[in-house]
Amino acid sequence: MKLNILKIINLRGDKLMALNLEMKRNLSMNQIFVIYKFELFLHRKRYYLMLILGLVMYNLTAIILAFSPPPDVKLFMASTVGQIGSLLVFLTLFFAGGVLADEFDKGTALTNFTKTGRDNFFIGKSLAVFTSVLIWNGIPLFENIIFSLALYQQVPLELFSWFVFYCLVGGTYVAIYLLFSAIFRSGTQAMVMAFFFIMAGATAFGILLGAPYYFPIYAEIAVIQIFDPSAVDGVFIIDLSYVIIMLLAYLIPCLVLAYLRFRTRDV
Amino acid sequence: MTQTVVKFSELKKKYHDLIAVNDLNLEIYQGEVLGFVGPNGAGKTTTMKMLGGLIKPTSGQIEITNGNGSLAKAREVPSELYRRFGFLIDIPAFYGHVTPRKILGYYCRLLGVPKEKIEKQIEWALKIVKLTRWKNKKIKEFSKGMKQRLGLAQAIVHEPDVAVLDEPQTGLDPAARIQVRKIMKKLKDLGKTIFLSSHMLYEISEICDRIAIINRGELIAVDKLVNLEQKMTKQEIGVELLEPINPNNVNKLVKEISEKIKAFSENDDKIPVVYDENIPGFHIYYDGKPSSRKNIHKILTSDLKLPIIGFSRVRTSRLEELYIELVENNEIKYTQNNKLKRR
Ligand SMILES: Nc1ncnc2c1ncn2[C@@H]1O[C@H](COP(=O)(O)OP(=O)(O)OP(=O)(O)O)[C@@H](O)[C@H]1O
Ligand SMILES: [Mg+2]
């Protein structure tokens, strides 16, 4: 299967002409799956840790609330799943921060990249990292279904909106981390720079642009709108659709640029 | 008719203003062992990285075999490259948390080795590099030499047609080095092609069919060892005498011999005879022709009546001498060119 990304993103003519000179794309579902599985296996310990952390974190708040449940199931959710979200930026850093840079830095690229195309590595590794977002958000999703069924005998649809939205937020962080990871020489350097960018750089930029705010971590504030459509951030009414467009405006370019950089980078 | 499996044409790699590989033209033939030697920083690893698609050439072209006897641009047929080639480049690293079995299995799957054959291939590769004992130990606990062995194992685990090995013997103990030499001989017997870079000239001269010498990114010679030797301007004879010469007479005698054999040594500015009291005897440098050797022998025995008990061509360091001479000459040329340019 061959993917001609040049046709899809015909952005800058000459740069893309230059890209055309390199290794032809050599995509294979089979190899992507092998890489995906191996990456998950490689970070097994991290997944265990994440699972435990998620269960403990979520259960603590949920159990406390279960003693005196709020009158409305949505209020219950706003104070449970809303809590867990603020860890997302650290968690994705943990998984995606060095995932590309370390290959070059530690020298594993010398063997790995002579085995199959880098396209397969990029996709396989990215999918593995996105999986961590799915799992992390999946824990509260699953538990919330159980708790809300037990306490309120119903599961509101907002819970699933929350899940999709939060996967988008996590995906955006991942894309930013992947881009930095594709650019910087060392994994640690990439992690520090990307984290600084998300927490300070993009935030300052977003605040300068004014409301509605254009920075990824704003999404963690905006999430309350899902459970409470009239929610207000200071003086502004939060518009979730703006936030979603903003997230996509980070996610897609970052992912594309990360891919382009990763596949042309010298080992 | 020998088939070409790799062809570099006008291959060039620049790092900023440093030209790491300069207009390299080189062909590797099916079934041969091609030795790739040159000083540190000559561009060996860079060339191999370009072949493996790890770095992009600045200009030039790399073609590889597609198995039907014809060549195709390497970047156009990446799957052929991965399947038919095995690479051990520079100092490879591995994920620390996994075991050799796991990582080799991963590579096999990436390389498309059929599922039912994977276990067999892993066992085979591990046995060849003598790592079977450690196959379930985590790689982070490995010694340098063990990692190097694993590096070799991962290069051949899918039984590639062409093995590209960059200094496979670094960090190995003497027994393992001999083992690696055996492995390469075995691969050669199986009809595999080997592109081997090394600083161990003795090993190279033992196993290589042809030798390519590179210096400052430029190929300065490529040929069979015997052919390269003929290009050498000097060869050495070791002459052993029955007993040492009286120290007072040494200078006189050396001068006398030098005068008499001058016709057979090409190098005018260098004294062709050196006395060595450790032998005891002489080192005589001459032009390498068999007739000259005969004449020198005659001069020493009949004319000078020296008590000679040994008279033999020094063979052990042939490639070393050749290497030094070619690289040095190239360096001289290089500096001269640079001086000219600067003026
Ligand atoms: N990433 C890089 N950036 C800049 N220069 C580089 C880079 N990699 C290699 N070089 C330079 O390219 C030249 C060739 O290096 P290369 O590693 O190919 O040498 P080599 O023949 O393999 O040497 P050795 O015997 O020491 O392994 C050297 O001068 C080196 O400094
Ligand atoms: Mg090298």
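What you see is a predicted model, and the numbers here were worked out from it, not measured in a lab. (Residues numbered from 1 in each chain as written. Chains lettered and ligands numbered in written order. Predicted model: local features only at pLDDT ≥ 70, side-chain atom pairs only at ≥ 80, totals over all residues. Heavy atoms only, no water.)

Undergrad: What exactly am I supposed to notice about helix α9 (residues 247-261) of chain B here?
TA: In an α-helix there are 3.6 residues to a turn, and that puts residues three or four apart on one side. In this model α9(B) runs 22 Å from its N-terminal to its C-terminal C-alpha over 15 residues, within 8% of the 21 Å that 1.5 Å per residue would give. In this structure, the buried residues of α9(B) make contact with β12 (273-276), β13 (281-286) and α10 (290-303) of chain B. (Helix = DSSP H or I, 4+ residues; strand = E, 2+ residues; numbered from the N terminus. Expected span 1.5 Å × (residues − 1). Contact = heavy atoms within 4.5 Å.)

Undergrad: Please clarify how the pairing of strand β3 (residues 33-37) of chain B should be interpreted in this entry.
TA: Look at any regular strand and the pattern is simple: side chains alternate between the two faces of the sheet. All names here are of chain B. Most of β3 sits out of view: five of its five residues are buried. Here β3 shows a buried face lined by Val33, Gly35 and Val37 and a second buried face lined by Leu34 and Phe36. Here four bridges tie β3 to strand β9 (residues 210-215), and the two strands are oriented parallel to one another. Within β9, the position partnered with glycine 35 by the bridge is isoleucine 211. (Buried < 20%, exposed > 50% of the residue type's maximum accessible area, 1.4 Å probe, protein only. Pairing = 2+ DSSP bridges.)

Undergrad: Help me understand the packing of aromatic side chains, please; the structure alone is not making it clear to me.
TA: Geometrically, a pair of aromatic rings is defined through the distance of the ring centres and the angle of the planes. Under the criterion given, the structure shown has 25 aromatic pairs over all chains. Between A:Phe38 and B:Tyr106 the ring centres are 3.7 Å apart and the planes differ by 10 degrees, which places this aromatic pair in the stacked class. Of the two residues, A:Phe38 is situated in helix α3 (residues 29-42) and B:Tyr106 in helix α3 (residues 100-110); the pairing between them involves two chains. Note on A:Trp162 and A:Tyr166: the rings are 5.3 Å apart at their centroids and 25 degrees apart in plane angle, and the pair reads as stacked. Residue A:Trp162 and its partner A:Tyr166 are both found in helix α10 (residues 158-183); the two are separated by four residues, about one turn of the helix. Both residues of the pair, A:Trp162 and A:Tyr166, belong to the buried class. Put simply, the rings of A:Phe104, A:Phe113, A:Phe121, A:Phe122, A:Tyr259 and A:Phe262 pair up and form one aromatic cluster. Positioned over the ring face of B:Tyr107 is A:Lys115, at 4.9 Å from the centre of the ring. (Phe/Tyr/Trp six-rings, centres within 6.5 Å; stacked < 30°, edge-to-face > 60°. Lys NZ or Arg CZ within 6 Å of the ring centre and 35° of its normal.)

Undergrad: How do you make sense of the site of ligand 1 when you look at a structure like this?
TA: Residues and elements named next belong to chain B. Neighbouring ligand 1 are 13 residues; Gly41, Lys44, Thr45, Thr46 and His199 lie closest to it. At 2.8 Å from an oxygen atom of ligand 1 is found a main-chain nitrogen or oxygen belonging to glycine 41. Between alanine 42 and ligand 1, the recorded distance is 3.2 Å, taken from a backbone N or O atom to an oxygen atom. Burial of ligand 1 by the surrounding chains reaches 63%, relative to a free accessible area of 640 Å². Of all elements in the fold, only β2 (18-29) and α1 (44-51) reach the threshold of two or more residues within the shell around ligand 1. Looking at the shell around ligand 1, the element that brings in the most residues is α1, giving three residues. A breakdown of the residues in the shell around ligand 1 according to their chemical character gives five nonpolar, six polar and two charged. (Near = heavy atom within 4 Å. Polar contact = N/O pair within 3.5 Å; in protein donor to acceptor, adjacent residues only side chain to side chain. Areas by Shrake-Rupley, 256 points an atom, 1.4 Å probe, with all protein chains shown as cover. Nonpolar A, V, L, I, M, F, W, Y, C, P; charged D, E, K, R; others polar.)

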